[in-house]
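Coordinate inspection notes
Each chain is listed here by its residues.
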Amino acid sequence: MAEAQLLVLGSEGVGKTVMLKRLQTLTAQQNLAQALHKQDLGEAPSTIPTIGVNLVTVTYNRKKYTFRELGGAMGPIWNNYFKDASYLVYIIDTANQTQVASSCIQLLEVLASKQTQHMSVLLIFNKIDSPDRLSMSEISALLRLREISASARQDITVLECSFREGAGLTEILTWLQEKCAK
Ligand SMILES: Nc1nc2c(ncn2[C@@H]2O[C@H](COP(=O)(O)OP(=O)(O)OP(=O)(O)O)[C@@H](O)[C@H]2O)c(=O)[nH]1
Ligand SMILES: [Mg+2]
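Residues numbered from 1 in each chain as written. Chains lettered and ligands numbered in written order. Predicted model: local features only at pLDDT ≥ 70, side-chain atom pairs only at ≥ 80, totals over all residues.

- The protein carries the name ADP-ribosylation factor-like protein 16 in an unreviewed UniProt entry, which gives Pocillopora damicornis as its organism.

In structure tokens:
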């Protein structure tokens, strides 16, 4: 079976583990099409902060995806893991206004690394269900998203999600299928 290696990065508590649990549950459903349609995923799974690496495998349409989540606390050594991955999922917590700026700086550092130039990037703005969240345009301005997309070598797709509510999961599966098919 074909296999894709993905890296999942983002500051502490942005929702990396919840996303992986949601994807695992969703793709394990017998009737995935129906599950995707209903989007009735129940309560958000509970998590504890990831210490070290959280390895999760998801099978979708006969393709295997291996996600390697690095806990946000491991930020300083993320770069040790770049060489093994071809795809990057980077999550920003739109509700954590004090963290957004440092998350953006970390993203820029990741994108500037020589070892990530070949990667396809999925940039996720999570927690859009939160009343405190920054809007897409506020974050885009803060992040200078347009300039980044124009200057970065990587192919960047931006998605707004709420892993608590299950919003955006279908789009993630579509992205996986499109990008990882190559
Ligand atoms: N409101 C809201 N909360 C969310 C959402 N996604 C995740 N959370 C909450 O955010 C908290 C942290 O989620 P995790 O998935 O553990 O975060 P993480 O990115 O894996 O964190 P580290 O492993 O410490 O780096 C949990 O309490 C989640 O329930 C969301 O879409 N909306
Ligand atoms: Mg985690």
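Right, picking up where we left off after that structure.
1. Some remarks on the sheet that holds strand β3 (residues 63-70)
- Strand order in the open sheet formed by six strands is β2-β3-β1-β4-β5-β6, with mixed pairing between adjacent strands. Since the sheet does not close on itself, it has two edges, and those belong to β2 (53-60) and β6 (155-160), each with one partner. Sheet twist, expressed as the average angle between the axes of neighbouring strands with direction ignored, equals 20°.
- In this sheet, β6 lies alongside strand β5 (residues 120-126) in parallel orientation, the contact comprising six bridges. Opposite F125, over in β6, you have E160 as the bridge partner. (Pairing = 2+ DSSP bridges. Helix = DSSP H or I, 4+ residues; strand = E, 2+ residues; numbered from the N terminus. Axes fitted to C-alpha atoms, helices over the stretch in contact; angles between N-to-C directions.)

2. So, the UniProt feature "binding site: Mg(2+)" (unreviewed entry) in the protein
- Following the UniProt record, one finds the feature "binding site: Mg(2+)" (unreviewed entry) at T17 and T50. In three dimensions, the annotated residues from a span of 34 residues occupy one location, with a maximal C-alpha spread of 7.6 Å.
- Topologically, T17 is positioned in helix α1 (residues 16-28).
- Residue position: T50 is located in the loop between α2 (32-38) and β2.
- When the 19 C-beta atoms within 10 Å are taken as the criterion, T50 is described as partly exposed.
- Sequence-distant contacts of T50, that is, excluding residues within four places in its chain, are made with T17, E69 and G71. (UniProt positions renumbered as here; feature names shortened; annotations may be inferred. Buried ≥ 20, exposed ≤ 12 C-beta atoms within 10 Å, placed from the backbone. Contact = placed C-beta atoms within 7 Å.)

3. Regarding the packing of helix α3 (residues 97-112) against helix α4 (residues 136-143)
- Packing of α3 against α4 brings their axes to within 10 Å, and their N-to-C directions diverge by 50°. The angle between the axes of α3 and α4 places the two elements in the oblique class. α3 and α4 meet at a crossing whose hand is right-handed. Of the residues in α4, those in contact with V100, A101 and C104 of α3 are I139, L142 and L143. (Parallel < 35°, antiparallel > 145°, perpendicular 65-115°, else oblique. Left-handed = near helix turned anticlockwise from the far one by under 90°.)

4. Here we look at α3
- When the terminal C-alpha atoms of α3 are compared, their 24 Å separation across 16 residues agrees well with the 22 Å that a helix rising 1.5 Å per residue should span.
- Those residues of α3 that sit buried are V100, S103, Q106, L107, V110 and L111. The arc that holds the buried residues of α3, viewed along the axis, is 135°, so those residues lie on one side. Across α3 from its buried face, at more than 90 degrees, point the exposed residues T98, A101, S102, I105 and A112.
- Summarising the contacts, the buried residues of α3 are in contact with β1 (3-9), β4 (87-93), α4 and α5 (145-151). (Expected span 1.5 Å × (residues − 1). Arc of directions from axis to C-beta.)

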